[in-house]
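Structural features, examined
In case you want the letters, here they are:
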Amino acid sequence: MSPINRLSTLSSTLAVAPAERELLGTLTLGSVPLPIYNPTASLVPRLPRTNHLLDITDPTILESLEWIAKKITLGQDIFLLSPPSPLPRRLIHTYLALTKTPYEHIMLHRDTGESELKQGRELRVGGRLEFVDGPAVRAAKVGGVLVLEGIERCERGVLPILNNLLENREINLEDGTHIISTPRYNLMLKNNEDTTNFIPAHPDFRVVAIGSPVPPYPGNPLDPPFRSRFQVRYLDPVKGGTLRPWIGEEELEYDRRGESESEGFIEGLGGDNGPHADHQGNAFVYVFRPYLPSFPSTTLLKAHLLLTAFPPPSPHLVKTREFVMFLIHLNPLLAYATPEQWRVLENLVGEVGLTAWMGEMAGLSECDFTEGVDGTGIWGYNLSAVSPHATSPLLATLKFSHPLTSRTLSLAAPRGSGPLRPLPTSLHPRVQSTLTSLIQLHSLPSSQFNILFTPTTNSLQGSSGSSGIVIDSFARCLGYEGSAGGAGRETVHLVKELSGGRELVLRGKDDEGLDTRRTGWEPSPLLKGVWEGTLVQFEGIDQIGATIGSLGRLLNEKEGELWEGKRLVGRFIPGDESSPELSLAHPSFRLLATATKSTPPREWLTEEISSIFFALPVILMSSSEETSLLLSTGCPPSLGERMIAFAQAYRRANGGQGNKSRRLGTATILRMGRRLSLEGERGADGVYELINRALLSEFLPPTTKGELESLLEEYGFERGRLLWNPPPVISTSSLTFPAASDPSSLTQDLVVPLFDITQDPTGSSHIPFMDNFLDNSQQTRLMRDIACDLEVLGEHVLLLGNQGVGKNKIIDRLLQLLRRPREFIQLHRDSTPQSLMFQTSLEGGIIKYVDSPLIRAVKLGRVIVIDETDKAAAHVVASLASLASRGEMTLPDGRRIRPPTEEDSAGPSDIIVHPNFRMILLANRPGFPFLGNPFLRVLGDNFSCYAVTNPDQDSEQRVLQQLAPDLEPELLKSLVLAFADLRKAFEAGTLPYPFSLRELLALVRHLKKFPEDELEQVLRNVFDFDINRPETLDALYDILRKHKLRVERIGIDAARGGPSATGEGKKPVVIEFKPKGDTSLSEPKFGKNPDGKSHTGGNTWAGGTGGRDTAGLGGRGGYMRLATGQDISQIPDQLKEDVPEHIKAKAREMARKELAARLAEIDLSSGQASTYSGYHNAVQSHVHQLVTFLDNLEAKEEERVWLKRQSEGDLDESRLPDGLTGERSIYKRRGMEKPELGAPQLKPKRIRFIFDLSASMYRNQYDGRLTRSLEAAVMILESFSRLTRKEKYRIDLVGQSGEEAVIPLVPVDKLPTDAGERYKVIQKMAVVPQYAWAGDHTVEAIKQGVADCVESDSDDYFVITITDANFSRYGITAEDLKLSMDSNPKVKCSLIAIGEGAEAAWLPKALPGRAYRVMNTTDIATHLRAILGQMLGGGL
């Protein structure tokens, strides 16, 4: 149907009102008159009930309402486009309320599918299948408005389902019926056609879409056919200068006395010159986007609410910190603003006449808002009392006072159903300040904004913010703890898999028997909290990304669509109480959101999240507070103060952007303190080990590890002596670890009680059994420490290490000695949070859930060992963090795990954590070559971490002697020393594989069982994995020969029974040979290609020896030498010289031509080839390591994941109930993961390498800096040219000198293809310094490199600079370098200072994690490879 015909048809149908509706009157919006009809009783529940209607007297609002009325009258569907904001939603609800129009509202999310839009399926009693209309169908049938909010969140292939409904008002339904347009239906009636399966679309049916523009906001772009069916209107949330009309009528008591006093302040913020507008009235959020963090669209509304409830004192009494904190409450991203950005904001504040409110300091940029916390809340108010409300059991009366004025405020605020506890009196002023601010925000109109705890630093390094204590205190004071069996507080742990629907409802199924089987729905903990008025904590809001936007309506208005047409509303109107479709949100419901410490806030704290929540900035502990807390554990003061000083220095050094070092949090420090409290001053020697263990320093890159060692030394923590630990002794009731052999007698026995098996009568069969554990000192010490953590301190434990170091055996042996029952889970790529908790099965049409080993361990108090933790996705492991930290977990079937302290208030289906329950996680080390999933950060500080390494040489020797006492001790010693060097070679980058104790034990077991086998053959059982890696075999030969382990043949030739191809094994023997028979010469030739056999004499085969005419060795008359590794049969010199001149001449000519052809291929002379080979050989092992790492990293990036809601593949057990109803999208299959909304598509990584070509590189080349720099360039060129997927990286190389900031060496995407081209690059690098003028352009080169990189369409940007700059000589300061490296936050920059530059000791401190000093130029290649690995790969 053409648009013109459709418009005329719709106009004719609109001209006549349906007879069954009662006309109430006419409403005129602007110039548009609208007839208002009395809705039928069945449609009353579908009418708006929101408290948050907009003020139609506002000209801006009225103008938008008039536009909507025009489009609705024309029969057009409309699209309201806006920045993330509740404005468009409230605007359309205002229109619907004015016109008494029923509506359906869908909050779209990434998992929205066809059944959520059209029709779902349900099984009723007896297994009867019933189709249930979705929102779009309901609205089409009754003539309602369908509101689709969050268009940008929905996948592009979903909404086109509605295209025909939008265009022609037609759609086919799953139950076999068809919705068609009213004119077509009327025509069918007129023609007496069968209309049994046809339903007319109501003529009043309209669609309103709501979305944000993409870009600049994250999301999926609009599908063009879908877009073309809408008329669009852009809504500016701050147009008109104020959002005060958004405030609805609140039923809570509210003190309005401060409204007039803060009017001037609000006017300054929101007027034509306010921080939301420029002089032309354009939105602040756009005009100043390049300079300031984007202000959320709800900024002025929040300011109005806050200033009205808590008027600030007179300007002269306001502190600068209070003003700054007020701004951060409105826009949490300001906490991470630079001084320059604060100065911009400071100027804006002055322009709008609010300078007097900025406090005692000269400027906002000078204020450190983390200092001077005095225990007061927003604007300096104190919370003086919390008491029951005089008339309402749902409210509490809050009394606030201001210490500098006589003002007191009394506000009514929602409360929980439990008793109101007294205000805490012993809180630290920092915690008291956060608690007071939280209660102030809670006392604002409750249905407007919930509260988000936001970090005040973008770094993941830092002390605790005490959010848990604040939330606990809040819950106690306001009755949210709950009573026995009653509602109180609930924690919802958010994970990446959650969709916008799963937070609201859970699919359930009654299991009353086969004949009564049916599907149904049950509320999630969030929805239960909304209904019951509990305190709900969203933990991990940073994990679910844009999904949180789909909850905006629920969180801001307490409204939402549930299941089968049911609706949650914020208030009832008369008659609603009896409606089965409506449920009421409890006025006491409050949601608090917190984030994990695994993601920097700038990466997840979007403008949308800031617009939904009121921000509560959390100040971190000061060093004095953290010290006091550490000493309270019993840690000796002499150690505690130094430990905190070290922690502060470590956090400063590793808190930079992109730094991936292990986080050192307060919980970790307190864990160390509790351990030290057991040993007192004797534990001083153990601090070094405790810190290295917590930071997993064993797995740090060499540069970072060196910096940590220096920092430990600076604060007086040194490595202790290596002591011998006797084997543990077991008695009837305890396990004793005897004191180590310590001459100073500082160590002592550790006695651990054995587990009482009567506490777990069925657990004896779960105790591990080992009959062949080989005791050794290092692993005994490890077991001692783990036993202390598990049984004495009650900690959960995480063990990381290379393969084969004995992680499983150590744990099994310890649990065997302790007589501890053990459950076991092995994770893998397909592990899900559900599979961690239970297994799902379908029996006789009944879905049954079987508890997993984890749940059994929680119930029975066993130890759960979770192996291969790094193989599962990070969000799967994240579900364990809350279980470890607080004993909490929400199960997918609705049950909840609760700590023992909540047993009295637990529900009948809740699971209480047994006090004996412990978790032990096992994982491979992070990074190369394992490249597991980055799970460490999502676990936080909740586990005591151990880096498990191979035993020391003495321990390893003892193990081997126990295993094979009959083997020669010298042989065992040589094997131990050789394997120690093999591991060092791996750490240094010479070998690609970390050889472990497991391989060594396998070798010794073989030699013990079959002593007649040659050592060479046995070693091949381990080394043949590298059969095609000559450079690896060369390194192996060197190490084996060093320790007198005679090996002649390893590699492909050994496997084939031939000689070694490396030239390092059996050397060919020269044998005198006198040929017999025909010795005549014909002409030089190559001969037949070698066939792997030895050939002596003759003139047929190339590669033979003692022959004639052909290519080979030891013969005569040929034009080229060719070695194949066989023994050389050498003819006598007399015969060798007896070659006719014409044959000699021809041989020389052929040799010259062949050499010229070969050199032409690489464009190298023999001298140049020798020079290049020297550089290449020096970094050959690094090249191999880097290529292997990059190829593995690429493979991991392209690793497939499980895609849910597929129509084919493997059955998804989480959607079994949907399958029972006939739903088709119940499968999962492997595929490439789709990026999160707003995340860039996978594109090439852009890398620029900057080399120093200044005069000093040539002048001071005596120390090898120029040579090592050239070697580093060769390593880069060789590595990136060998990659399997070269298109994954876009690199270029440039130089800088005293004359130029950018000297092109290798253009982007034009890597040299052969040795000749690579030689030209390093030749240029060697020549430029010889003629360059003195000077340095390091800063300019970095700045230009950053600018050039971001011009590329990439998803990651890197600039790596190698320089010997004498910074002080050329006036280069730390600030200069920092500004250039920070000139664009998208680009990660690293700087390697060599030579003179390495003397700058301030570099690593000024640029922590990004600047490195390389004192020994021979280590440049090693450091560069480590930096590349750290920047491109994952961290700790």
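Note that the structure is predicted; figures quoted are calculated from it, not measured.

About the cut-offs
- Residues numbered from 1 in each chain as written.
- Predicted model: local features only at pLDDT ≥ 70, side-chain atom pairs only at ≥ 80, totals over all residues.
- Heavy atoms only, no water.
- Helix = DSSP H or I, 4+ residues; strand = E, 2+ residues; numbered from the N terminus.
- Buried < 20%, exposed > 50% of the residue type's maximum accessible area, 1.4 Å probe, protein only.
- Contact = heavy atoms within 4.5 Å.
- Pairing = 2+ DSSP bridges.
- Axes fitted to C-alpha atoms, helices over the stretch in contact; angles between N-to-C directions.
- Parallel < 35°, antiparallel > 145°, perpendicular 65-115°, else oblique.
- Left-handed = near helix turned anticlockwise from the far one by under 90°.
- Nonpolar A, V, L, I, M, F, W, Y, C, P; charged D, E, K, R; others polar.
- Core = buried A, V, L, I, M, F, W, Y, C linked by side-chain atoms within 4.5 Å.
- Disulfide = S-S within 2.5 Å.
- Salt bridge = Lys/Arg side-chain N within 4 Å of Asp/Glu carboxyl O.
- Patch = residues over 30% accessible without salt bridge, like charges linked within 9 Å, V, L, I, M, F, W, Y side chains within 5 Å.
- Areas by Shrake-Rupley, 256 points an atom, 1.4 Å probe, with all protein chains shown as cover.
- Lys, Arg positive; Asp, Glu negative; His and termini not counted.
- Charge placed at Lys NZ, Arg CZ, Asp CG, Glu CD.
- Phe/Tyr/Trp six-rings, centres within 6.5 Å; stacked < 30°, edge-to-face > 60°.
- Lys NZ or Arg CZ within 6 Å of the ring centre and 35° of its normal.
- pLDDT = per-residue confidence, 0-100.
- Expected span 1.5 Å × (residues − 1).
- Arc of directions from axis to C-beta.

1. Observations concerning the overall build of the protein
Regarding its fold elements, the protein presents 47 helices and 51 strands. Counting all 1436 residues of the protein, 56% fall into the buried class. Pairs at least 24 residues apart make up 73% of the contacts formed inside the protein by residues separated by at least 6 positions.

2. Comments concerning the sheet that holds strand β27 (residues 734-737)
Taking strand neighbours across the sheet as the criterion, the three strands line up as β26-β27-β28 in an open arrangement whose pairing is antiparallel. Each edge of the open sheet is held by one strand with a lone partner, namely β26 (729-730) and β28 (750-753). Judged from the four bridges that link them, β27 and β28 form a sheet pairing that is antiparallel. Residue pairing across strands places S734 opposite P753, the latter belonging to β28. Where helix α26 (residues 807-818) meets the sheet, its contacts fall on β26, β27 and β28, and the angle it forms with β27 comes to roughly 130 degrees.

3. Remarks on the pairing of β27
Neither face of β27 is open: one carries S734 and T736, the other L735 and F737, and all of them are buried. Hairpin geometry of β26 and β27 is characterised by an intervening segment of three residues between the two adjacent antiparallel strands.

4. Some points on the sheet that holds strand β15 (residues 408-414)
Strand order in the open sheet made by the three strands is β13-β14-β15, with antiparallel pairing throughout. Whereas interior strands pair on both sides, the edge strands pair on one side only; in this sheet they are β13 (382-388) and β15. In this sheet, adjacent strand axes meet at a mean angle of 25 degrees when their direction is disregarded. Two strands pair when backbone bridges link them, and strand β14 (residues 395-401) and β15 are joined in this way by seven bridges, in the antiparallel orientation. For F400, the partnering residue across the bridge sits in β15 and is L409.

5. Remarks on the pairing of strand β16 (residues 450-455)
Counting buried residues along β16, five of its six residues qualify, which places the element largely inside the surrounding structure. With two bridges connecting them, β16 and strand β24 (residues 590-594) associate as parallel partners. By the bridge assignment, L452 is partnered in β24 with A593.

6. What to know about the packing of helix α31 (residues 953-963) against helix α32 (residues 969-988)
Running from N to C, α31 and α32 cross one another at 135 degrees; their axes reach a closest spacing of 10 Å. In terms of orientation, α31 and α32 fall into the oblique class. Relative to α32, α31 is oriented so that their crossing is right-handed. On α32, the residues that touch Q953, E956, Q957, L960 and Q961 of α31 are P969, L972, K973, V976, L977, A980 and R983. A class-by-class count of the residues in the contact of α31 with α32 yields six nonpolar, three polar and three charged.

7. Considerations on the nonpolar core
Buried together is how nonpolar side chains tend to be arranged in soluble globular proteins. Counting residues in hydrophobic clusters, the biggest one holds 93 residues, and the most contacted among them are F538 and F613. Counting 49 residues, the second-largest nonpolar core is a separate cluster that includes L931, F1249, I1360 and I1394.

8. Some points on the state of the cysteines
Evaluated as defined, the whole model comprises zero disulfides. Residue C1349 stays outside any disulfide, its sulfur separated by 8.0 Å from that of C1389, the closest cysteine.

9. Quick word on the pattern of salt bridges
Opposite charge on two side chains lets them pair, provided their charged atoms get close. With the rule as written, the count across this model stands at 71 salt bridges. R343 serves as the salt-bridge partner of E340, at 3.6 Å between the closest nitrogen and oxygen. Pair noted here: E340 and R343 are both in helix α13 (residues 339-351), with a separation of three residues, about one helical turn. Classification of E340 as partly exposed rests on a relative accessible area of 42%.

10. Things to note about a positive patch on the surface
There is a patch of like positive charges on the surface, built from K809, R998, R1005, K1008 and K1009. Among the elements that take part in the positive patch, helix α33 (residues 997-1009) stands out by supplying four residues, more than any other. Within the element layout of this structure, R998 appears in helix α33.

11. Section: the environment of A97
Within the element layout of this structure, A97 appears in helix α3 (residues 87-99). The sequence separation of A97 and L53 amounts to 44 residues, and the corresponding C-alpha distance is 8.2 Å. When neighbours within four sequence positions are excluded, A97 is seen to be in contact with P48 and L53.

12. Some details on the packing of aromatic side chains
Inspection of the entire model under this criterion finds 16 aromatic pairs. Among the aromatic residues, ring-to-ring pairing joins F646, Y650, Y715 and F717 into one connected group. Residue placement shows K1088 over the ring face of W1101; its charged tip is 5.6 Å from the ring centre.

13. Quick notes on the environment of V1414
Positionally, V1414 belongs in strand β51 (residues 1411-1414). Separated by 22 residues in the primary sequence, V1414 and I1392 place their C-alpha atoms 6.9 Å from one another.

14. So, the packing of α32 against helix α35 (residues 1030-1042)
One way to put it is that α32 packs onto α35 with a least axis distance of 9 Å and a crossing angle of 145 degrees. Crossing handedness for the pair α32 and α35: right-handed. Residues A978, D981, L982 and A985 of α32 form the contact with α35, whose own contacting residues are L1036, I1039, L1040 and K1042.

15. Considerations on the confidence of the model for the protein
Residues of the protein with pLDDT of at least 70 account for 83%, and the chain-wide mean is 81. Here residues 510-516 is modelled with pLDDT under 50, and outside its nearest four sequence neighbours on either side it reaches 10 contacts, counting other chains as well. Contacts for the low-pLDDT stretch residues 1195-1199, under 50 throughout, to residues beyond four places or in other chains number 10 contacts.

16. Observations regarding the environment of I897
Tracing the chain through its elements places I897 in strand β35 (residues 896-898). In this structure, I897 is in contact with I855, V858, L883, G887, E888, M889, L891, I911 and V913, ignoring residues within four places of it in sequence.

17. Section: α13
With 13 residues, α13 should reach 18 Å at 1.5 Å per residue; the first-to-last C-alpha distance of 18 Å fits that figure. Of the residues making up α13, those classed as buried are Q341, W342, L345, E346, L348 and V349. Along the long axis of α13, the arc covered by the buried residues comes to 160 degrees, so they all point the same way. The positive-phi residue at the C-terminal boundary of α13 is G353, with phi of around 80 degrees.

18. Topic: unusual backbone geometry
Apart from glycine, the bulk of residues carry a negative phi angle, and the bulk of peptide bonds sit in the trans form. With an omega of -15 degrees, the peptide bond running from V214 to P215 counts as cis. Within the element layout of this structure, P215 appears in the loop between β11 (206-211) and α8 (224-227). That bond from P215 to P216 is cis: its omega, 15 degrees, falls within 30 degrees of zero. Positive phi is not limited to glycine here, since K558 has a value of about 55 degrees. You can see K558 is positioned in the loop between α17 (552-557) and β21 (560-561).

19. A few points about the side chain of R321
For R321, the position within the fold is in helix α12 (residues 320-330). Buried charged residue R321 carries no salt bridge. Nearest counter-charge: D374, at 5.5 Å. Beyond its immediate stretch of four places on either side in the chain, R321 contacts C367, F369, E371, G372, V373 and I619.

20. Here's the deal with the side chain of E823
Along the polypeptide, E823 turns up in strand β30 (residues 822-826). In this structure E823 touches H766, P853, R856, A857, R862, V863, I864 and V865, once residues within four positions along its chain are discounted.

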